[in-house]
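For reference, the chains in residue letters:
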Amino acid sequence: MDNAADQSSVLRAIAISSISSPSFTQTDRQTAYAILDELKRYNGRISLALQWLLSERHVYEGHDITTQTKLLALDLIAGFLQKGYNNLNNENDRLQLRDSILKAARMASSGNESNSNEARVLAKKLAAILQGLVVRDFPQRWPTFIQDVFKPLSAGGLWCDEPSLAASNQQIGVHICLECLKLIAEDCTDSDYNANISTQRRNDVLIGLNEVSREFLPLLFQLLEQYPMLQQAKLTLHNMNTFLLQNNRTIQSLSSDERAQYEEQMRLRQAAGQMIADTLLTLSHFCTSMPIAWMLEGYPDFIAAMMHLFRENDCEIQIRAAECIEELAVRGKLEYAQWIRFLVELPAAIGEANNMASTSHDIDTKMLLVKGQVNNIPDMLAAQVGFHKILSRMLSIILSSHVGHITSNKATMEGKGGDFARLTNFVRLLVEILQHPSGRICSEQVTLWSMLLRDPQISRSGLLPPYAQQILSCYMNQLVKVRWADVEEETHPLYKVLEASFDDEEDYDSWMSDLRSRSSLLFKFIGHVAPAIAAETLNERLKTCLAAHGNGHPLNFLDPNSQQLTQKSDAVIQFEALTQPFETVLAGIPPWTLDDQSTPPKDQENYEAIRSRTRAALAEFSQNLINWAPDYLWLRFRRASLLECLKYYWKYEPSTLLQGVDSLIRYIGLADEWSAPNLAGAGLVGDERMSGETIGLKKKSGVSLVVIAKHVPEHLVPWLTELSNATSSLLASPGLIPMNQMHLYEFLTCVASAVEDPSARAGFIANVLSSPLETLRSAEVQQQISSPEALIAALGIAAVGENPQNATNPEYVRRVTLAYNLSFTALNRLLSVGKRCNEAARKRGSGIGILQAMPGTAPHVFIDEGPVSLQDLAALDPFCPLWPQILPSLIALTNSVLGMWKPEYQAVLLRHQWQRYALAISDDEAYTSKNHDKSSGGVFGEGGTAGSVVSGTDRRDTNLLPKWSGWLNELRNTCFQMFGLLATSRALFAPEVRDMYPALVSAMVDSENLKAMEHRHFSQYLKHIGELLMVSCPSTLYPTHLGPIIGPILEHIRYRLEFTWSPVLTAYSPQGDRLARSTSETATSALTSNECLQAAELASANGTTWYSWWYAHCGLFVGDLDKVTADAAVEKYRVDLGRVFSDVLQSALALKGDWALVLANRAKEEQASKRNDTSTLFTGPKSKIYMDDGKELNADGTPKSEHQSSIDARKLMRINGLCHFLLLENESIAGNLTLTVIQSLGYPDEYTVRRITKICHRILETVAFSPQYTDLLGRQMFSQAIKNIVTEPKWMVGLEWSMINIVRDIYCRLVLGQILLPGGQGAAAQQPNIGQSKDQYEQAKTVDEPLHGGGILQYASQVPRQILADIPGVGASMVEQMEESLRTKRSAKDQKDAVRDILRVASDNVKDMFLSTTGGAESLGAAAGIFGRAGENESLLHTKTKQSAVPALPEKLVTRSQMERKNRATNLEQPEGLSAFHIE
């Protein structure tokens, strides 16, 4: 590069790499790329780059490569700034580089093509280089930055000589200045504070800019003042266009002189508009993060200018101006006077902009007409959608970010004074904007209205009620879906507005889903704040819809065969949009408006009038809905949905309830009126085929019936006999689908649960379930479930093995299906009814069993915390007496279903070409193993997995093979749920089932059954049996009833998890190589049809060899599934196993779920007591509505029940008892539990490990005092936590602090004699030493109270010390220093920082040692994936050691304000201008 020939070769390489020419071969291009790559390493590249920058032109063989060459030069300089500039020690070198860049910028600003696109690209690059110099040198080393850059171009700067020239031939210089300021603002406020620029450097730059802001802000304002130039150019063009149109001429007919004049005005318009837009873009960054006084205080008045520019649509100027004000408002720092100014001036400015919109549209229209683009004339409203959207958001943010200004003004809250009038005018403007036909505009205000309605002060003031009806109506209007085909076909009246608002149908659907989700809370708040207005609005909307569409009109988009309305019909769409607002508004209406027994809020005015209006409107509303009798199927479907919404009204006024229930029952019994069945959505009912549309109506009616019965069962009890007769006749009808049979059983159960007489209630339930019980006890069903062989035969698996044609024989498939439905339907009905009875029992019994508190010294002594007879349990749960009849069959079925997966059966089934599919996952499980977007269409959609497990066929076909997996899943999950129901109802602990308990335990925890389960089975097992059993078992029965079940489960899960993760962890250990990883991928992939014979051989061997292989594959047989989906399924079930285990343990240890709520309530009460403020007991999360009825609320916002204290006391007793039992009463259970938790810390799944860390803290709080646990905690748990941090695997990123906190908790409790708050939180409390011994401590008073912090190990363990000291590079002295720090600085932050510091040293030494011995290239590379070592940018350990790319300067900055104070003290003359900067 040192001679002309070398430079010529580089220029040739630039030309070849950037010019498309057939004369350049592929070899030429490869050579060129090699030369350019070598250039990046050339030592003299910066001098060469500067030389290129300062050259006027670069030409190669007639090709102008000036821009390409200069861009390459700037890239080289940018790289130097990042890596080499900080090493420049010579001030002259820095000055030379700076002067060269400024000179290049001046050359670009004054070039002949200074306004071309290439010039703007080059200008952006130059601005980026200038910004890089500024953030490194300004202000200490470059105090004249603003003067050098903002001097006029003629004086050696970059700025325009006159503001008017900024839109002509000096535009590029201005653009460089604006872009540079914008980039400085971004880098010094928005970037990663720990990566590029040091905090001190940022502060210096920002302080420097603030000191000289008065020098450049007026210059920016002058650019905005050139708006008249843009107006004049537009007016001149408009006059020209008008003249042309009046003379029937177009642009093509212009003479050369006329064309030159026309194009000059066009150029001036574009340049002026771009200049103003660039200025506003820079100002928006100032508004985001620079001192707010820059825009709001003193001269120039940027706010007035921005509001004035609302009227200009060129170059999106109005949008940029609104964004500036939005950025100011979103900061929430406007003072009251400034905020009021916006309230006053914005409506006027928007009004002026609206008045100018038609003029601007006329100008643009004539411009297109003279160009001959008649078809491209935009709709005026559509053209303004972008501006209106930002306006809506900006206006809403001005209020939502300054709610405090509203609530703090007493006069405003009372509806008095001028400010209230101004605020009302502003709110009126917001409501008017809601009328915009584009949904994008109203969706920008959802958050604002929800916030205002939720605020108790604002909602009770007179600000919002006048607009409640308009707000509710506007959002209800937007919920009506648009047929996107109408937009694409341009038949929708607002298709242009919709096209401007949404990119495509997917974008529209996504927006609609988001709007419906966000508006639910808004509707609920409106119903709560303005119940009468909301009720009247709903009533009017329903009457309007019924009048216009109640009879199906306009009868469009009819099904061609049945002439029924479809989902695309206008009438159906209109009623579909009513369901959500009706549901949520009615849910939000306060009880006092409908119930005379409920007391209205103390400050509620005119509550009698509101109550009267609300009742009258809802009475008419319900009557209209009841009277509506649509003839079309889809309108009936919508009516069923709307009837369900009335449950909130019927709770207080049930006069029309029975008619609504009768309508739903009639819908369930309707015949199929869809004359031509839609086979794609059809279902099989006996021997008849029913259309999918009719099935949908029946299902919806059944669901609505159950929901209503659950909500208002007490009002249906008087008609229980009539309802029973009606449902019985319906159940006997031949056309009833199985799902509706279940719905009717659940409906009757919900109603019966409200019967007051326990014996009558139990008798009715027994009568309802007599048929399913009889079926379950029948000889046919008993034969089917008697053994795995019998079940295999009953499902047709054996017959298919004998004759494969049976799998598709229609008659045989029908017979097997009916046989399966016989047993499953009976069991499922029992489960459904049992669940409903249990739910009602928990409400009736206040949440947990039979509450009987024994008076005495103890506040809560429960005499029923033990075995309770089924007859006593029946007082609350009428289902309980039926368990002795159910259990024998349930036990037999469980053994049979689980037994099918035992190795001896798998060995047989896997060998057969068709029988093996009985063991496969279902198409639905394959579908859920991957994430899908809405376009996939579900399992049976275009992107679904139907027909992928059993290739070419799915469960809808007349084929047994794909049905087996679903059937077995249903049977297995039903069994698990039945056992869970048995536990939650406490029937499991009743004396009447004592004799069956051994068989029940054997079925649930038989070692062969446990081992034989797949991971997906075992995860369900843990959820439905393990978790529910632990939280439901009475504390006195833990040893006798819980221990025999939970012990084997914990022993097995340790075994299962170890074999599941072992192949993965071994392959990706530091010693693992490429071959091991390749082998691991094979050993952990799912079992497919092609590998069944080898798997069958392994299954025949049984024993550890089989289970280790099978668990490594997650016990998953995926049939013919593709490899990508199969691998996704394996990984899903692998991590799900650990996740479910951690979730179950969290529930058992009160770290989540109902038990965690008890602790949250207690913490809430303790906090209220400490603060002596009981008001917090009546509040909950801010996202919920609370009825001000004087009742205390739980921590989650739900109201406390009458017996809440007893409920919480019983749960607290179980929390303490279960924790003690699991960890201190049974050595086998405690050992397996603790070891499994420790092992789980090392499994690479963030979800699991994050939750396991919380469990570790609870274990430490409970057992740290016990010497028996010292080795488990101090050696094994401590070592695993240390390993996770020191090895820094990528999967640990984000978990480091949680893991460090475990290390801290262990070390404090086992070594230092310090206790922590629950969860390892808070500062450590040091326990005093006993005597002179430094390693013996007094036990904490909370040793027997783990929930208050637990205890410590009285005699300090040396194990954690030794483990730390043995890590290479640490040593005993460093451990002693850490301990001293932990003793003297006991805050959580200080202690965790001390632990992090020593572990950082350990991590660095371990890494260096590993690299020196093995090289570790592959293990540390991308091939290791989540097992690779985290880089320093990701590592938490190295956050304090990271070096910023732009470090702080050694020179101290002294600001003007500091000098002023110094000068005043010494009576010196104040310096001015650039002399304000001073370097010490």
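Residues numbered from 1 in each chain as written. Predicted model: local features only at pLDDT ≥ 70, side-chain atom pairs only at ≥ 80, totals over all residues. Heavy atoms only, no water.

Trainee: What should I look at first to understand the overall build of the chain in this one?
Mentor: Looking only at helices and strands, the chain has 68 helices and eight strands in total. Relative to the compact-globule value of 35 Å for 1480 residues, the chain shows a C-alpha radius of gyration of 38 Å, a close match. Counting every position in the chain, which comprises 1480 residues, the buried fraction comes to 54%. Summarising the internal contacts of the chain: among those between residues at least 6 apart in sequence, 74% fall at separations of at least 24. Of the roughly 62,100 Å² that the chain leaves accessible, carbon and sulfur atoms contribute 50%. Charged side chains of the chain number 139 positive and 166 negative; the gap between the two group centres comes to 3 Å. (Helix = DSSP H or I, 4+ residues; strand = E, 2+ residues; numbered from the N terminus. Rg over C-alpha atoms; globule rule 2.2 N^0.38 Å. Buried < 20%, exposed > 50% of the residue type's maximum accessible area, 1.4 Å probe, protein only. Contact = heavy atoms within 4.5 Å. Areas by Shrake-Rupley, 256 points an atom, 1.4 Å probe, with all protein chains shown as cover. Lys, Arg positive; Asp, Glu negative; His and termini not counted. Charge placed at Lys NZ, Arg CZ, Asp CG, Glu CD.)

Trainee: Please clarify how helix α29 (residues 531–549) should be interpreted in this entry.
Mentor: An α-helical turn contains 3.6 residues, so any two residues separated by three or four positions project in the same direction. With 19 residues, α29 should cover 27 Å at 1.5 Å per step; its first-to-last C-alpha distance of 26 Å lies within 8% of that length. Along α29, the residues classified as buried are Pro531, Ala532, Ala534, Ala535, Thr537, Leu538, Asn539, Arg541, Leu542, Cys545, Leu546 and His549. Each element contacted by the buried residues of α29 is listed here: α25 (465–478), α28 (505–529), α30 (570–576), α31 (579–588), α32 (607–627) and α33 (633–645). (Expected span 1.5 Å × (residues − 1).)

Trainee: Looking at this model, I keep getting lost on the pairing of strand β5 (residues 1314–1317). Mind explaining?
Mentor: Consecutive residues of a regular strand have side chains that alternate between opposite faces of the sheet. With three bridges joining them, β5 and strand β6 (residues 1321–1326) adopt antiparallel strand pairing. The residue bridging Gln1314 from the neighbouring strand is Gln1326, located in β6. Here β5 hands over to β6 after three residues, with Gly1319 in that stretch at a positive phi of 80°. (Pairing = 2+ DSSP bridges.)

Trainee: Any chance you could explain helix α66 (residues 1371–1384) here in plain terms?
Mentor: For α66, spanning 14 residues, the distance from its first C-alpha to its last is 21 Å, which sits close to the expected 20 Å at 1.5 Å a residue. Looking at α66, one finds that the buried residues are Val1375, Met1378, Glu1379 and Leu1382. The buried residues of α66 all sit within an arc of 100° when viewed along its axis, so they share a single face. Of the exposed residues in α66, the ones pointing more than 90 degrees away from its buried face are Glu1376, Gln1377 and Thr1384. (Arc of directions from axis to C-beta.)

Trainee: Please explain the environment of Arg516 as it appears in this structure.
Mentor: With respect to the helices and strands, the residue Arg516 is situated in helix α28. Sequence spacing of Arg516 and Gln478 is 38 residues, and the spatial spacing of their C-alpha atoms is 9.5 Å. Discounting chain neighbours no more than four positions away, the residues touching Arg516 are Leu479, Lys481, Glu576, Ala577 and Gln580.

Trainee: Help me understand the pattern of salt bridges, please; the structure alone is not making it clear to me.
Mentor: Pairing between side chains of opposite charge can happen when their charged atoms approach one another. Per the stated rule, a full pass over the model turns up 70 salt bridges. For the salt bridge of Arg341 with Glu345, the shortest nitrogen-to-oxygen distance reads 3.1 Å. With Arg341 and Glu345 both in helix α16 (residues 336–370) and four residues apart, the pair spans about one turn of that helix. Accessibility expressed as a relative area gives 29% for Glu345, which makes it partly exposed. (Salt bridge = Lys/Arg side-chain N within 4 Å of Asp/Glu carboxyl O.)

Trainee: Please clarify how the state of the cysteines should be interpreted in this entry.
Mentor: A disulfide bridge is the covalent bond that connects two cysteines by way of their sulfur atoms. If you walk through the whole model with that rule in mind, you get zero disulfides. Free cysteine Cys287: the closest other cysteine sulfur is in Cys324, separated by 4.6 Å. (Disulfide = S-S within 2.5 Å.)

Trainee: Mind showing me how you'd approach the nonpolar core here?
Mentor: Considering soluble globular proteins, one finds that nonpolar side chains tend to be buried as a cluster. In terms of nonpolar packing, the biggest core is built from 427 residues, with Phe286, Met295, Met306, Phe310, Leu399 and Trp449 touching the most fellow members. Considering every element that reaches this core, the biggest residue donor is helix α50 (residues 961–984), with twelve residues. Those residues in contact with Trp449 that lie beyond four places of it in its chain are Val427, Leu430, Val431, Leu434, Leu464, Ile471, Tyr475 and Leu522. Residues Ile251, Leu254, Tyr262 and Val370 belong to the second largest nonpolar core, which totals seven residues. (Core = buried A, V, L, I, M, F, W, Y, C linked by side-chain atoms within 4.5 Å.)

Trainee: Teacher, can you tell me more about the side chain of Ser823 here?
Mentor: Take Ser823: it is sitting in helix α45 (residues 810–844). Polar contacts involving the side chain of Ser823 include one to the main-chain carbonyl oxygen of Tyr820, which spans 3.1 Å. With near-sequence residues (within four places) excluded, Ser823 lies in contact with Val781 and Gln784. (Polar contact = N/O pair within 3.5 Å; in protein donor to acceptor, adjacent residues only side chain to side chain.)

Trainee: Would you mind showing me how to read the confidence of the model for the chain here?
Mentor: Summing up the model confidence of the chain, the mean pLDDT is 88 and the portion of residues at 70 or higher is 91%. In this model residues 847–859 is a low-confidence stretch, pLDDT under 50, and it forms 32 contacts with partners more than four residues away in sequence or in other chains. (pLDDT = per-residue confidence, 0-100.)

Trainee: Any chance you could explain the packing of aromatic side chains here in plain terms?
Mentor: Aromatic ring pairs: the centre-centre distance and the angle between the two ring planes describe each pair. Summed over all chains, the structure comprises 35 aromatic pairs. Residues Trp484 and Tyr508 carry aromatic rings whose centres are separated by 5.5 Å and whose planes lie at 25° to one another, so their mutual orientation is stacked. Here Trp484 is found in helix α26 (residues 484–488), whereas its partner Tyr508 is found in helix α28, with 24 residues between them in sequence. Its relative accessible area of 3% is what places Tyr508 among the buried residues. Ring centres of Phe502 and Trp511 lie 5.1 Å apart, and the angle between their planes is 55°; this geometry places the pair in the tilted category. Across the pair, exposure class does not vary: Phe502 and Trp511 are buried alike. (Phe/Tyr/Trp six-rings, centres within 6.5 Å; stacked < 30°, edge-to-face > 60°.)

Trainee: What is the right way to read the environment of Arg422 from this model?
Mentor: Tracing the backbone through its elements, the reader meets Arg422 in helix α21 (residues 417–433). Between the C-alpha atom of Arg422 and that of Ile340, which follows or precedes it by 82 residues, the distance is 7.8 Å. Those residues in contact with Arg422 that sit more than four places away from it in its chain are Ile340 and Val344.

Trainee: Sorry, what's going on with the packing of helix α5 (residues 91–109) against helix α8 (residues 171–189) here?
Mentor: Packed helix pairs are characterised by how far apart their axes lie and by the angle those axes make with each other. Taken N-terminus to C-terminus, the directions of α5 and α8 make an angle of 135°; their axes are 7 Å apart at the nearest point. With respect to their mutual orientation, α5 and α8 come out oblique. Of the residues in α8, those touching α5 at Ala105, Ala108 and Ser109 are Ile172, Gly173 and Ile176. Its residues assigned to classes, the contact of α5 with α8 comprises four nonpolar, two polar and no charged. (Axes fitted to C-alpha atoms, helices over the stretch in contact; angles between N-to-C directions. Parallel < 35°, antiparallel > 145°, perpendicular 65-115°, else oblique. Nonpolar A, V, L, I, M, F, W, Y, C, P; charged D, E, K, R; others polar.)

Trainee: Please explain the packing of α33 against helix α35 (residues 657–668) as it appears in this structure.
Mentor: Interhelical geometry of α33 versus α35 gives an angle of 145° and a closest axis separation of 11 Å. Relative to α35, the crossing made by α33 is left-handed. Facing α33, whose interface residues are Arg636, Arg639, Ala640 and Leu643, α35 presents Gly660, Ser663, Leu664 and Tyr667. Its residues placed into classes, the contact of α33 with α35 shows four nonpolar, two polar and two charged. (Left-handed = near helix turned anticlockwise from the far one by under 90°.)

Trainee: For this particular structure, what's the right way to read a negative patch on the surface?
Mentor: On the surface, Glu488, Glu489, Glu490, Glu499, Asp503, Asp504, Glu505, Glu506 and Asp509 cluster together to form a negatively charged patch. Structurally, Glu499 can be placed in helix α27 (residues 495–501). (Patch = residues over 30% accessible without salt bridge, like charges linked within 9 Å, V, L, I, M, F, W, Y side chains within 5 Å.)

Trainee: Explain unusual backbone geometry here, please?
Mentor: Negative phi is the rule for most residues except glycine; trans is the rule for most peptide bonds. With an omega of -5°, the peptide bond running from Phe138 to Pro139 counts as cis. Cis geometry is found at the peptide bond from His553 to Pro554, where omega equals 15°. Along the chain, Pro554 turns up in the loop between α29 and α30. A positive phi angle is found at Leu555, which is not glycine, with a value near 55°. The topology assignment puts Leu555 in the loop between α29 and α30.

Trainee: Looking at this structure, how should I read the environment of Val1263?
Mentor: Inspection of the secondary structure puts Val1263 in helix α62 (residues 1246–1263). For Val1263, a relative accessible area of 0% gives the class buried. With near-sequence residues (within four places) excluded, Val1263 lies in contact with Leu1223, Leu1224, Tyr1269 and Leu1273.

Trainee: What is the right way to look at the side chain of Asn969 in this model?
Mentor: The topology assignment puts Asn969 in helix α50. Asn969 has contacts with Ser922, Glu925 and Arg1016, leaving out every residue within four places of it along the chain.

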